[in-house]
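Observations on chain architecture
Given next are the chains, with one letter for each unit.
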Amino acid sequence: MMQSKIEKKNFGIAEFAEEEKWLEEQHRNGWRLIKTNRNKYHFENCDADEWIYQIDFKENGIAERDYIQIFEDCGWHYILQNNRWCYFRKKKEVDSDLSIFSDRFSKIDLYARMLKNRHLVITVILFAIACLIVYLSIFTSAFNGDSFWDGALPWIGIGLFVATSFSFNQYIKLKKMVEDLKMPWE
């Protein structure tokens, strides 16, 4: 019977490179990724070996079989898809291309697809609303009434602020990554 393990790990949307490196380390230690829901990773025991992991953010509307075939034609093994995140791996070879994003333009395209993600946009909007509620709570008398909402709204704002601040930070990181890639090299 094949041994398996589950690891819990959180990576933000802008931390996919760190996630890839962590998955490579797991494989070097004899654990191959078989399933994930982006914070819980399921592994099965395998031979400890050097594999490269890559994660792509798949656009809606692309035929799944054609999409996977493009990567397989380049030597990548499809592992799984979780929402719009697709996981691939490739045996590390001396003279092989180790990235599915081989130039800065393909990386810019990846980051742009991630930035267009509606969940990220909604998070940024909720973050702005939370900032407004917290500002009104601290610097005005907008919520000084006797109703339930006057007392609860500042706490709701603080809760939204805390809940969305990590995602907003990831959005800012992605924007900076795009800007850095767009800058001409000196």
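Above this text sits the structure in question.
Residues numbered from 1 in each chain as written. Predicted model: local features only at pLDDT ≥ 70, side-chain atom pairs only at ≥ 80, totals over all residues. Heavy atoms only, no water.

1. Describing the overall build of the protein chain
- The helix and strand inventory of the protein chain stands at five helices and six strands.
- Shown N-terminal to C-terminal, the secondary structure of the protein chain runs as helices and strands in the order β-α-β-β-β-α-β-β-α-α-α.
- Taking 2.2 N^0.38 as the reference for a compact globule, 186 residues should give roughly 16 Å; the C-alpha atoms of the protein chain span a radius of gyration of 21 Å, well beyond that estimate.
- Summarising its shape, the C-alpha atoms of the protein chain cover approximately 65 × 50 × 35 Å along the three principal directions.
- When burial is assessed residue by residue, the protein chain has 38% of its 186 residues classed as buried.
- Put simply, of all contacts in the protein chain between residues at least 6 apart along the chain, 63% involve residues at least 24 apart.
- Carbon and sulfur atoms make up 56% of the accessible area of the protein chain, which totals about 11600 Å².
- Separation of charge centres in the protein chain, based on 25 positive and 27 negative side chains, amounts to 2 Å. (Helix = DSSP H or I, 4+ residues; strand = E, 2+ residues; numbered from the N terminus. Rg over C-alpha atoms; globule rule 2.2 N^0.38 Å. Buried < 20%, exposed > 50% of the residue type's maximum accessible area, 1.4 Å probe, protein only. Contact = heavy atoms within 4.5 Å. Areas by Shrake-Rupley, 256 points an atom, 1.4 Å probe, with all protein chains shown as cover. Lys, Arg positive; Asp, Glu negative; His and termini not counted. Charge placed at Lys NZ, Arg CZ, Asp CG, Glu CD.)

2. Remarks on the sheet that holds strand β3 (residues 40-45)
- Spatially, three strands are ordered β1-β3-β2 in an open sheet, and the strand pairing comes out antiparallel. The open sheet is flanked by β1 (4-8) and β2 (31-36), the only strands paired with a single partner. Sheet twist, expressed as the average angle between the axes of neighbouring strands with direction ignored, equals 35 degrees.
- As paired strands, β1 and β3 are joined by five bridges and run antiparallel to one another. Residue pairing for β3: Ile 6 is matched across the bridge by His 42.
- Lying on the sheet, helix α1 (residues 16-28) is in contact with β1, β2 and β3; it crosses β3 at an angle near 25 degrees. (Pairing = 2+ DSSP bridges. Axes fitted to C-alpha atoms, helices over the stretch in contact; angles between N-to-C directions.)

3. Things to note about the environment of Arg 104
- Considering the arrangement of structural elements, one finds Arg 104 in helix α3 (residues 104-115).
- Considering only alpha carbons, one finds Arg 104 and Thr 164, 60 residues apart in sequence, at a separation of 29 Å.
- A distance of 2.4 Å separates a polar atom in the side chain of Arg 104 from the backbone oxygen of Leu 181. (Polar contact = N/O pair within 3.5 Å; in protein donor to acceptor, adjacent residues only side chain to side chain.)

4. Quick look at the sheet that holds strand β4 (residues 51-57)
- Taken together, the three strands give an open sheet; going across it, the order is β4-β6-β5, and neighbouring strands pair in antiparallel fashion. A single partner strand is all that each edge strand has here, and the edge strands are β4 and β5 (77-82). Adjacent strand axes in the sheet meet at a mean angle of 20 degrees, parallel and antiparallel pairs treated alike.
- In this structure, β4 lies alongside strand β6 (residues 85-91), joined through seven bridges in antiparallel fashion. Looking at the pairing, Ile 52 lines up with Lys 90 of β6.
- On the sheet, α1 packs against β4 and β6 and is oriented at approximately 150 degrees with respect to β4.
- Most of the contacts of helix α2 (residues 64-73) go to β5, to which it runs at about 140 degrees, and overall it touches β4, β5 and β6.

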